[in-house]
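Single-letter residue listing:
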Amino acid sequence: MSAPLPGTQHAFDARRRPPMGGFNRTFLLIEVRRLLRNRRTVVLTLVVPAILFLLLKSDRRGIQLAGTVISPATTMIGIAVYGAMLAATSGGAMVSIERALGWSRQLRLTPLTPIAYIAIKVLMAMLLGLTSVLVVYTIGAFSGIEMAPIVWVLTAVLAWAASFVFASFGLFMGYLLPSENVMQAIGPTLGIFSLFGGLFIPVNLLPAVMQNIAPFVPTYGVAAIARYPLLGGAFDPVWLISVLFWTAIFGLAAMALFRRDTRRT
Amino acid sequence: MNLAVAAEAPGRPATTTPAAVDLSGVHRTFGAIRAVDGIDLHLELGEIAALLGPNGAGKTTTIDMILGLSQPDQGTVTVLGMAPSEAISRGLIAAVLQTGGLLKDLTVRETVRLTASVFATARPVDEVLERAGIDGIGDRLVRACSGGEQQRLRFALALLPDPALMVLDEPTAGMDVEGRRDFWTAIRRDAAQGRTVLFATHYLEEADAYADRIILLRQGRIVADGTAAEVRNLSTGRSVRATLPDADQATLSALPGVRSVEIRGDRVLIQSLDSDSVARYLLGSTAAHDVEIVAHNLEEAFLALTGDGSPG
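None of the values given here were measured: they were computed from a predicted structure.

Undergrad: Even after reading the chapter, I still don't get the overall build of chain A, so can you show me in this structure?
TA: Helix and strand counts for chain A stand at 12 helices and two strands. Helices (α) and strands (β) of chain A occur, in sequence order from the N terminus, as α-α-α-β-β-α-α-α-α-α-α-α-α-α. Each principal axis of the C-alpha distribution contributes one length, and for chain A these read about 80 × 35 × 35 Å. Within chain A, the proportion of its 265 residues that are buried is 45%.

What follows is the structure in structure tokens.
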């Protein structure tokens, strides 16, 4: 068949849409480069958790609190969840900056579908979360923490899984707050999540009031599940309910705001 | 015209040429404001048309509907024989919007590469950089680019899919004179290859200098549509001056298209929508000499058509 005549309906109809809604590797690679260029993101998600871990782990024997020893491994997992949370939230919250700059609108003039865009943002958030976990675990390994190899792997994967919950949270906040400094707005919230969810100090060592609030905080379930391969004992179904509940809440909220944002009005 | 009508018919015959843009009975309100209040617009392929009007005339609202960024409350919008969103996903329309829309922490080249990656097929990165006149600043961060450079970057992005229709919304707003000239040079060079271009502007001289056709908007309606010369004539026509002793005011006023006749001694000043007939009459049937025909400039036409003391 000969090529359609230029300028005819046939020629216009013959133009193709991109595969996978425009989702592609080049886009991801340039996004990674852009993330690394952002000094604040790098400091916040890679350096802060690392420093916090070095401060909190104390020495090889761990820290004493209320007569109980918190092992460096327990602290490391908590901080890894913290890093994954910070990284994924700020990754997701990048949509806020991109909306404020009009980049999202610019992308709507291209074949990139909104779903492909969100998929790229979630992937970037999870990648940043993974990097943060790996940094904390590398420092942990060099500071003499000893765990069975399978426990290293399982706890790292579970800590990383936290980034999915918080990528949704970041997207939700990103669509909610039209600001170029969205992380400054949600930073304190993340701090409260971390304290009450037992990331720095395990929940059972927190003051009674905080212990009562803890199960309702989004980090509670993910932190407990991430430490489970290390600590063992009884598995509390509340942990799983917490994870599923917050994933659903953040996911649905992000989806609702995303729909509102991309609806052709 | 007939071909374009055929293209809209069911079945879309493959070899016909569709309209570049077809708006029919389009209305769009925002609360109590009728931003677009009944627009019919038919743009043929290859035309370079300007949407001219004061702020609030409905230019951006019209463009947003052509780009599929918003939907009309009433009426239909077709671009190249298909829905705007369909044309966007096939890379058939591209747009350069006023401001924003760029990531400050990417370089110029990265921005182009990133955008190129989402199209099924795209022109080479180096080619669009060169055609937009920014091949020398590929490694510069967007935040370090001037307003004019950023606008040429937006133009480079718009060139990527090799679109059949290029839409520009106030593309030179906020640029200095030199930036505007460079920008339009790039656009003109590109349009010479047959691309359809629709641009909104409130700079009269831009519409006059770069468009084959001017569509004048006022309060959400088209008040004039034609070549720059036609639009000029629509409002005030031209003035014809001549030396004519003993001119007869009544006879002159009765000529076709004449709107006013002023007699000052031997000089007559006639405002007419049909200056040719007036000149023909003066030279052929009277003793008039020193006949001058002066066109009103577009600015006067613009003010006459969009002003009327009503808020634009």
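Undergrad: For this particular structure, what's the right way to read the sheet that holds strand β4 (residues 74-79) of chain B?
TA: Sheets are built from strands paired through backbone hydrogen bonds, the pairs being either parallel or antiparallel. Residue and element names in this part refer to chain B. Pairing within the open sheet is antiparallel, and its three strands lie in the order β2-β1-β4. Two strands in the sheet have a free side with no partner beyond their single neighbour: β2 (33-43) and β4. With direction set aside, neighbouring strand axes in the sheet form an average angle of 25°. Pairing of strand β1 (residues 21-30) with β2, which is carried by eight bridges, proceeds in the antiparallel orientation. Bridging across to β2, R28 finds its partner in V36.

Undergrad: Mind showing me how you'd approach the interface of chain B and chain A here?
TA: Accessible area lost on assembly of the parts is the figure often given for the size of an interface. Between chain B and chain A, the contact holds 38 residues from the first and 31 residues from the second. Breaking the side of chain B that touches chain A down by element, the ones donating at least two residues are α3 (84-89), β5 (93-96) and α4 (108-116) of chain B. If one sorts the elements of the side of chain B that touches chain A by residue count, α4 of chain B sits on top with four residues. Its residues assigned to classes, the side of chain B that touches chain A comprises 20 nonpolar, 13 polar and five charged.

Undergrad: Please explain helix α3 (residues 39-56) of chain A as it appears in this structure.
TA: An α-helix turns once every 3.6 residues. As a result, residues three or four positions apart point the same way. Residues and elements named next belong to chain A. With 18 residues, α3 extends 24 Å from end C-alpha to end C-alpha; this agrees with the ideal 26 Å at 1.5 Å per step. Largest kink in α3: about 35°, centred on V47, with the proline P49 one to four residues after it. Taken as a whole, α3 has its buried residues at L44, T45, P49 and F53. On its buried face, α3 is in contact with α4 (72-92) and α7 (114-142).

Undergrad: Can you help me understand the packing of α7 of chain A against helix α8 (residues 149-176) of chain A in this one?
TA: Two quantities define a packed helix pair, namely the angle between the axes and the distance from one axis to the other. Residue and element names in this part refer to chain A. Two elements in contact, α7 and α8, have axes whose closest approach is 9 Å; the angle formed by their N-to-C orientations is 140°. Comparing the axis directions of α7 and α8 gives the class oblique. Here α7 runs over α8; the crossing is right-handed. Across the interface between the two elements, K121, V122, A125, M126, G129, L130, V133 and Y137 of α7 pack against A156, A159, W160, S163, F164, A167, G170 and L171 of α8.

Calculation criteria
- Residues numbered from 1 in each chain as written.
- Chains lettered and ligands numbered in written order.
- Predicted model: local features only at pLDDT ≥ 70, side-chain atom pairs only at ≥ 80, totals over all residues.
- Helix = DSSP H or I, 4+ residues; strand = E, 2+ residues; numbered from the N terminus.
- Buried ≥ 20, exposed ≤ 12 C-beta atoms within 10 Å, placed from the backbone.
- Pairing = 2+ DSSP bridges.
- Axes fitted to C-alpha atoms, helices over the stretch in contact; angles between N-to-C directions.
- Contact = placed C-beta atoms within 7 Å.
- Nonpolar A, V, L, I, M, F, W, Y, C, P; charged D, E, K, R; others polar.
- Expected span 1.5 Å × (residues − 1).
- Bend = angle between axes of the 7 residues up to and from the residue.
- Parallel < 35°, antiparallel > 145°, perpendicular 65-115°, else oblique.
- Left-handed = near helix turned anticlockwise from the far one by under 90°.

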